[in-house]
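# An overview of the molecular structure
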Amino acid sequence: MVLSFSWMMMILLWIGSVHAQQISTSDTFACRIAEEGKIDCWGRLPQGGPLPTEGNFTQIVTGQEYGCALQAPEGRTFCFGSNTTGILRKDLPLFSFLSVGSNRIFACGLRHESRTLYCWGDVPAILDATVSAHSQEAFRSICIQQSNFCGIYPNSSMVCVGDNTYGQSQPTPFDGWMSVSHGGAFVCGLLRNNRIACFGLNNLGQCRPPVETATQVVAFGSSVACAILSYNGVLQCWGQTTVAFGGSQWVPTGTFQLQMTGGLGVYGNNRLTLIS
């Protein structure tokens, strides 16, 4: 699920005004976690499986024609909408996930107890093969793209597997990785000392952060990354920001918080929330 950055930021400003717990947007509809943990969606809703009517949901993600919601405390996942990609698996409520993430045509979950990765739907063959090869490994944090993924082990080392055309599967040789976030063909993350590190495609400066430290960092789209500065919570972005922000250098102001629940991020589905 990839949006123009400017539209996404307008939605994020709206989040701050209504105090939604969490929101996810696709090309044609959006959903949020409303009061009592219930799912509230609007726009051109996907046809097929119905919206879950229960409450106590803690996370909602959306794809091209579907959505999936995570329910507390068991971590059960319920999906709705079109099943053309096989996303509406009947056995999903049997799984217990710590977090879920969505792409346009597939979704992934980080299992609650084992912290192993599981993907379903129309998973690209190259990604399916790499996930299967690492299906028994526990991860603290992970990010997924169409053709590769990067995961941080409990000992803070990182592994990246899959397409390496631009070096996006060759992590910068640092120890102490704390978080990781995927752009189109580049990756940015934070080290233990809050230093930013990026690797992969750098044709537009997306791997050259203008600041050294941050509390959180996230890669958006194909060529933009943003960080929340350590000392004041301000958003600092780099890369092709003139395209990402609708042809200008405007960047939203305020205090931001990155939502990447449970250490799972999926390319196109990372987002920031304005909290003040």
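Residues numbered from 1 in each chain as written. Predicted model: local features only at pLDDT ≥ 70, side-chain atom pairs only at ≥ 80, totals over all residues. Heavy atoms only, no water.

With the rule as written, the count across this model stands at 5 salt bridges. For R32, the salt bridge is made with D40, and the minimal N-O distance between the two is 3.2 Å. Look at D40 and you get partly exposed, because its relative accessible area is 29%. Of the charged contacts in the structure, one is a salt bridge between E212 and R195, with a shortest N-O distance of 3.5 Å. Of the two residues, E212 is situated in the loop between β15 (196-200) and β16 (216-220) and R195 in the loop between β14 (186-191) and β15; the sequence distance between them amounts to 17 residues. Here R195 falls in the partly exposed class, since its relative accessible area comes to 35%. (Salt bridge = Lys/Arg side-chain N within 4 Å of Asp/Glu carboxyl O. Buried < 20%, exposed > 50% of the residue type's maximum accessible area, 1.4 Å probe, protein only. Helix = DSSP H or I, 4+ residues; strand = E, 2+ residues; numbered from the N terminus.)

Here we have 3 strands laid out as an open sheet, ordered β4-β5-β6, and antiparallel in their pairing. This sheet does not close on itself; its edge strands, each paired only once, are β4 (57-62) and β6 (76-81). On average, each strand axis in the sheet is tilted by 20 degrees relative to the strand beside it, whichever way the strands run. One ladder, built from 6 bridges, connects strand β5 (residues 66-71) with β6; its direction is antiparallel. Bridge pairing in β6 links C68 to C79. (Pairing = 2+ DSSP bridges. Axes fitted to C-alpha atoms, helices over the stretch in contact; angles between N-to-C directions.)

Turning our eyes to something else, we now look at the state of the cysteines. Across all of its chains, the model carries 6 disulfides by this definition. Each sulfur in the disulfide pair C68 and C79 lies 2.0 Å from the other. On the S-S bond that ties C68 to C79, the torsion sits near 100 degrees, and the link is right-handed. Placement of the pair is C68 in strand β5 and C79 in strand β6, with a sequence separation of 11 residues. Exposure class is identical for C68 and C79. Each is buried. Left unpaired, C207 is separated from the closest cysteine sulfur, that of C198, by 5.2 Å. (Disulfide = S-S within 2.5 Å.)

Attention now goes to the nonpolar core. Of all hydrophobic cores here, the largest spans 14 residues; its most connected members are L117, L127, I144 and F149. Looking at which element gives the most residues to this core, the answer is strand β8 (residues 106-111), with 3 residues. (Core = buried A, V, L, I, M, F, W, Y, C linked by side-chain atoms within 4.5 Å.)

Right, let's talk about the side chain of H182 for a bit. Relative to the elements of secondary structure, H182 occurs in strand β13 (residues 177-182). Looking at H182, the relative accessible area reads 0%, which means it is buried. At 3.2 Å, the side chain of H182 and the side chain of N148 are in polar contact. Among the polar contacts made by the side chain of H182, one reaches the main-chain carbonyl oxygen of F186 at a distance of 3.4 Å. (Polar contact = N/O pair within 3.5 Å; in protein donor to acceptor, adjacent residues only side chain to side chain.)

Quick look at the sheet that holds β14 now. The 3 strands lie next to each other as β13-β14-β15, forming an open sheet whose pairing is antiparallel. Edge strands, defined here as strands with exactly one partner in the open sheet, are β13 and β15. Across the sheet, the mean angle separating the axes of adjacent strands is 20 degrees when strand polarity is ignored. Bridging between β13 and β14 involves 5 bridges; their strand directions are antiparallel. Note on β14: the bridge partner recorded for V180 is G189.

Chain-level statistics for the chain give a pLDDT mean of 78 and a share of 79% at 70 or above. The low-confidence segment residues 1-20 (pLDDT under 50) makes 49 contacts with residues lying over four places distant or belonging to another chain. pLDDT under 50 marks residues 259-263. Its contacts with residues more than four places away, or in other chains, come to 19 contacts. (pLDDT = per-residue confidence, 0-100. Contact = heavy atoms within 4.5 Å.)

For the rest of this paragraph, the subject is the packing of aromatic side chains. For the structure shown, the criterion picks out 9 aromatic pairs. Aromatic side chains Y118 and W120 sit 5.9 Å apart centroid to centroid with 25 degrees between the ring planes, which places their arrangement in the stacked category. We classify Y118 as buried; its relative accessible area is 15%. One aromatic cluster is present, built from ring pairs that chain together F95, F97, Y118 and W120. (Phe/Tyr/Trp six-rings, centres within 6.5 Å; stacked < 30°, edge-to-face > 60°.)

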